[in-house]
Amino acid sequence: QVQLVESGGGLVQAGGSLRLSCAASGRSRYAMGWFRRAPGKEREFVAAIRKDGDSTYYADSVKGRFTISRDDAKNTVYLQMNSLKPEETAEYYCAADRRPYTYKEVREYDYWGQGTQVTVSS
């Protein structure tokens with residue numbers, strides 16, 4: 001069992017930046033992803049990183065603005081978010097995937113954090 005705890009959410013103005021963190025329990029490495037769910041919408045993929053950190057994946061809407069990274073010494077995954085937009089207001093979740101395939105599907109992920117709220121004001 002893996003426990004994931006997100007932090008770093010908050011209120012930011014449009015165009016601003018936030019860095020989310022996801023601390024994972026345990027020693028095993030997993031592929032890690034970030035997802036978000038806006039009010040009234042389904043959870044959607046944002047970014048993912050392979051367990052070796054060699055490759056990253058992004059939703060088209062965030063490419064060039066968001067960066068996912070991992071520090072395995074700290075068992076932590078980060079999501080740096082720049083140039084935030086009001087429509088990106090959502091609950092952001094990190095997730096761990098034991099057997100990744102596409103890296104982008106909610107159903108692939110085995111463990112989920114509780115989420116951290118990001119609110120972008122216009």
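Scroll up to find the structure.
Residues numbered from 1 in each chain as written. Predicted model: local features only at pLDDT ≥ 70, side-chain atom pairs only at ≥ 80, totals over all residues. Heavy atoms only, no water.

(A) Geometry of the side chain of arginine 70. The residue arginine 70 is located in strand S7 (residues 66-71) in this model. Looking at arginine 70, the relative accessible area reads 18%, which means it is buried. A polar contact is formed between the side chain of arginine 70 and the backbone oxygen of arginine 50, at a distance of 2.9 Å. Engagement of the side chain of arginine 70 in a polar contact is seen with the side chain of aspartate 72, the distance being 3.0 Å. Setting aside chain neighbours within four positions, we find arginine 70 in contact with Arg29, Tyr30, Ala31, Met32, Ile49, Arg50, Lys51, Gly53, Thr76 and Val77. (Helix = DSSP H or I, 4+ residues; strand = E, 2+ residues; numbered from the N terminus. Buried < 20%, exposed > 50% of the residue type's maximum accessible area, 1.4 Å probe, protein only. Polar contact = N/O pair within 3.5 Å; in protein donor to acceptor, adjacent residues only side chain to side chain. Contact = heavy atoms within 4.5 Å.)

(B) Seen up close, the pairing of S7. Of the two faces of S7, the one holding Phe66, Ile68 and Arg70 is buried and the one holding Thr67, Ser69 and Asp71 is not buried anywhere. Two strands pair when backbone bridges link them, and S7 and strand S8 (residues 76-81) are joined in this way by 6 bridges, in the antiparallel orientation. Counterpart to serine 69 in the pairing with S8 is tyrosine 78. Between S7 and S8, which follow one another and run antiparallel, lie 4 residues, and asparagine 75 among them has a positive phi close to 55°. (Pairing = 2+ DSSP bridges.)

(C) Expanded view of the side chain of threonine 116. Considering the arrangement of structural elements, one finds threonine 116 in strand S11 (residues 116-121). For threonine 116, a relative accessible area of 10% gives the class buried. A polar atom in the side chain of threonine 116 sits 3.2 Å from the backbone nitrogen of glycine 9. Setting aside anything within four residues of it in sequence, one finds threonine 116 in contact with Glu6, Ser7, Gly8, Gly9, Leu20, Ala90, Glu91 and Tyr92.

(D) Focus on unusual backbone geometry. Here the phi dihedral of asparagine 75 falls at roughly 55°; this positive angle occurs in a residue that is not glycine. Position of asparagine 75 among the secondary structure elements: in the loop between S7 and S8. A positive phi angle, close to 70°, is found at tyrosine 103, a residue other than glycine. By the element assignment, tyrosine 103 lies in the loop between strand S9 (90-97) and strand S10 (111-112).

(E) A look at the packing of aromatic side chains. This model, assessed by the stated rule, comprises 6 aromatic pairs. Note on phenylalanine 35 and phenylalanine 45: the rings are 5.7 Å apart at their centroids and 75° apart in plane angle, and the pair reads as edge-to-face. Pair noted here: phenylalanine 35 is in strand S4 (residues 31-37) and phenylalanine 45 is in strand S5 (residues 44-49), with a separation of 10 residues, a long-range link. Exposure class is identical for phenylalanine 35 and phenylalanine 45. Each is buried. A ring pair is formed by phenylalanine 35 and tyrosine 109, whose centres lie 5.0 Å apart and whose planes are at 80°; its orientation type is edge-to-face. Of this pair, phenylalanine 35 sits in strand S4 while tyrosine 109 sits in the loop between S9 and S10; the two residues are 74 residues apart in sequence, bridging distant segments of the chain. (Phe/Tyr/Trp six-rings, centres within 6.5 Å; stacked < 30°, edge-to-face > 60°.)

(F) View of the state of the cysteines. For the structure shown, the criterion picks out 1 disulfide. Disulfide pairing is shown between cysteine 22 and cysteine 94; the S-S distance is 2.0 Å. Handedness here is read from the sign of the S-S torsion; for cysteine 22 and cysteine 94, about 50°, the answer is right-handed. With cysteine 22 in strand S3 (residues 18-24) and cysteine 94 in strand S9, this residue pair connects regions lying 72 residues apart in the sequence. Relative accessible area serves as the criterion here: at 1%, cysteine 22 is assigned to the buried category. (Disulfide = S-S within 2.5 Å.)

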